[in-house]
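Secondary and tertiary structure notes
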Amino acid sequence: MKSASIAGYKLKEMRRGITDLLVPLIFPVIFTLVFAFAFAGQEGPGGEPFYDYLVPGMVVFALLLLMVGVAGSLSREVEKGTLSRLKLSLMSSFDLLFGVLMVWTLIAVAQVLILFGMATLLGFHWTGGGVNMLLAMLIGIIAGIASVALGLIIATFSKSEGQSSSIGALVAVPLAFLIGAFVPMKAEKIGRAARWDR
């Protein structure tokens, strides 16, 4: 119940200041529009349209950017003294973190639905029918939850909002390339890079 009150507080705070929603919701929409018009009519690997090839990676990258928003949001609460006041109440750390996780998971769900919907309107064609699209959305939501959890971890090590946002971006961008969000990487290359003995 306490987690729900934290989630309600965070939602009210986000409605007042649109900046928390700017990066996770508006930036990916602009990113999708730019890519749709920039790569319209170009052929990608395997003869499929290049835009169809890029959309899943754009969704993953947008989900990774959630960690920047989460880390910044939680660090802002520390700077404003909200966390100090919550420590005086009977609320546990789990209640706080789970409440924040609930709100940002809702944002991740909205982000996945908006991005796949917008991509479809802009000409994205997926193979395998509606069941595969639902599975892709489910995987996207799970990836969003993982990104939010990573953002919470980053916030615990940060001293300020600016530092947490910088660390979040520093983690998100290389991670997007490592997981193949833009350019697919062969498992052998990742395995060779991960070996410590050579």
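Only a predicted model underlies this, so the values are computations on that prediction, with no experimental measurement involved.

Digging into the overall build of the protein
Along the backbone of the protein there are 9 helices and 0 strands. N-terminal to C-terminal, the α/β element order of the protein is α-α-α-α-α-α-α-α-α. Relative to its 198 residues, the protein shows a buried fraction of 39%. When contacts within the protein are restricted to residue pairs at least 6 apart in sequence, long-range pairs at least 24 apart make up 80% of them.

Remarks on the pattern of salt bridges
Scanning the model with the defined rule gives 1 salt bridge in all. A salt bridge links Glu 161 to Arg 76; the shortest N-O distance between them is 3.0 Å. With Glu 161 in helix α8 (residues 161-178) and Arg 76 in helix α4 (residues 66-80), the pair connects residues that are 85 residues apart, well separated along the chain.

Side note on the packing of aromatic side chains
The relation between two aromatic rings is expressed through the spacing of the ring centres and the mutual angle of the planes. Following the criterion strictly, the structure yields 3 aromatic pairs and no others. On the numbers, 4.7 Å between centres and 55° between planes, the contact of Phe 31 with Phe 35 is tilted. In this pair, Phe 31 and Phe 35 both sit in helix α2 (residues 19-38), 4 residues apart, roughly one turn of the helix. By relative accessible area, which is 18% here, Phe 31 ends up buried. Ring geometry for Phe 31 versus Phe 61: centroids 5.8 Å apart, planes at 40°, classification tilted. Of this pair, Phe 31 sits in helix α2 while Phe 61 sits in helix α3 (residues 50-64), and the two are 30 residues apart along the sequence. Among the residues examined, Phe 61 registers a relative accessible area of 10% and is labelled buried. By the ring-pair criterion, three or more aromatic residues cluster together here, those being Phe 31, Phe 35 and Phe 61.

Quick look at the side chain of Gln 111
Of note, Gln 111 is situated in helix α6 (residues 93-121). Residue Gln 111 is classed as buried on the basis of its relative accessible area of 2%. Setting aside residues up to four positions removed in sequence, Gln 111 forms contacts with Pro 24, Leu 25, Pro 28, Ala 62, Leu 63 and Leu 66.

Some details on the side chain of Ser 147
With respect to the element layout, Ser 147 can be found in helix α7 (residues 129-157). With a relative accessible area of 2%, Ser 147 lands in the buried category. Once you skip the residues sitting within four places of it in the chain, Ser 147 turns out to touch Leu 63, Leu 64, Leu 66 and Met 67.

Overview of the nonpolar core
If you look at the biggest cluster of nonpolar residues, it comprises 47 residues, and the most contacted ones within it are Tyr 51, Val 55, Trp 104 and Phe 116. Secondary structure elements with two or more residues in this core: α1 (2-16), α2, α3, α4, α6, α7 and α8.

Let's talk about a nonpolar patch on the surface
Where nonpolar side chains cluster on the molecular surface, the patch consists of Leu 22, Ile 26, Ile 30 and Val 34 and spans about 330 Å² of accessible area. Structurally, Ile 30 is set in helix α2. Given a relative accessible area of 45%, Ile 30 falls into the partly exposed group.

Things to note about the packing of α4 against α7
Taken N-terminus to C-terminus, the directions of α4 and α7 make an angle of 40°; their axes are 7 Å apart at the nearest point. Considering their axes alone, α4 and α7 lie oblique with respect to each other. Where α4 crosses over α7, the two elements pack in a sense that is right-handed. Every residue of α7 that contacts α4 at Leu 66, Met 67, Val 70, Ala 71, Leu 74 and Ser 75 is listed here: Gly 144, Ser 147, Val 148, Leu 150, Gly 151, Leu 152, Ile 154 and Ala 155. When grouped by side-chain class, the residues that make up the contact of α4 with α7 number 10 nonpolar, 4 polar and no charged.

Some thoughts on α6
The end-to-end C-alpha distance of α6, which contains 29 residues, comes to 42 Å, matching closely the 42 Å that a straight helix rising 1.5 Å per residue would cover. The first or second residue beyond α6 is Gly 123, which carries a positive phi of 110°.

Calculation rules
Residues numbered from 1 in each chain as written. Predicted model: local features only at pLDDT ≥ 70, side-chain atom pairs only at ≥ 80, totals over all residues. Heavy atoms only, no water. Helix = DSSP H or I, 4+ residues; strand = E, 2+ residues; numbered from the N terminus. Buried < 20%, exposed > 50% of the residue type's maximum accessible area, 1.4 Å probe, protein only. Contact = heavy atoms within 4.5 Å. Salt bridge = Lys/Arg side-chain N within 4 Å of Asp/Glu carboxyl O. Phe/Tyr/Trp six-rings, centres within 6.5 Å; stacked < 30°, edge-to-face > 60°. Core = buried A, V, L, I, M, F, W, Y, C linked by side-chain atoms within 4.5 Å. Patch = residues over 30% accessible without salt bridge, like charges linked within 9 Å, V, L, I, M, F, W, Y side chains within 5 Å. Areas by Shrake-Rupley, 256 points an atom, 1.4 Å probe, with all protein chains shown as cover. Axes fitted to C-alpha atoms, helices over the stretch in contact; angles between N-to-C directions. Parallel < 35°, antiparallel > 145°, perpendicular 65-115°, else oblique. Left-handed = near helix turned anticlockwise from the far one by under 90°. Nonpolar A, V, L, I, M, F, W, Y, C, P; charged D, E, K, R; others polar. Expected span 1.5 Å × (residues − 1).

The values reported here are purely geometric and, on their own, carry no functional implication.
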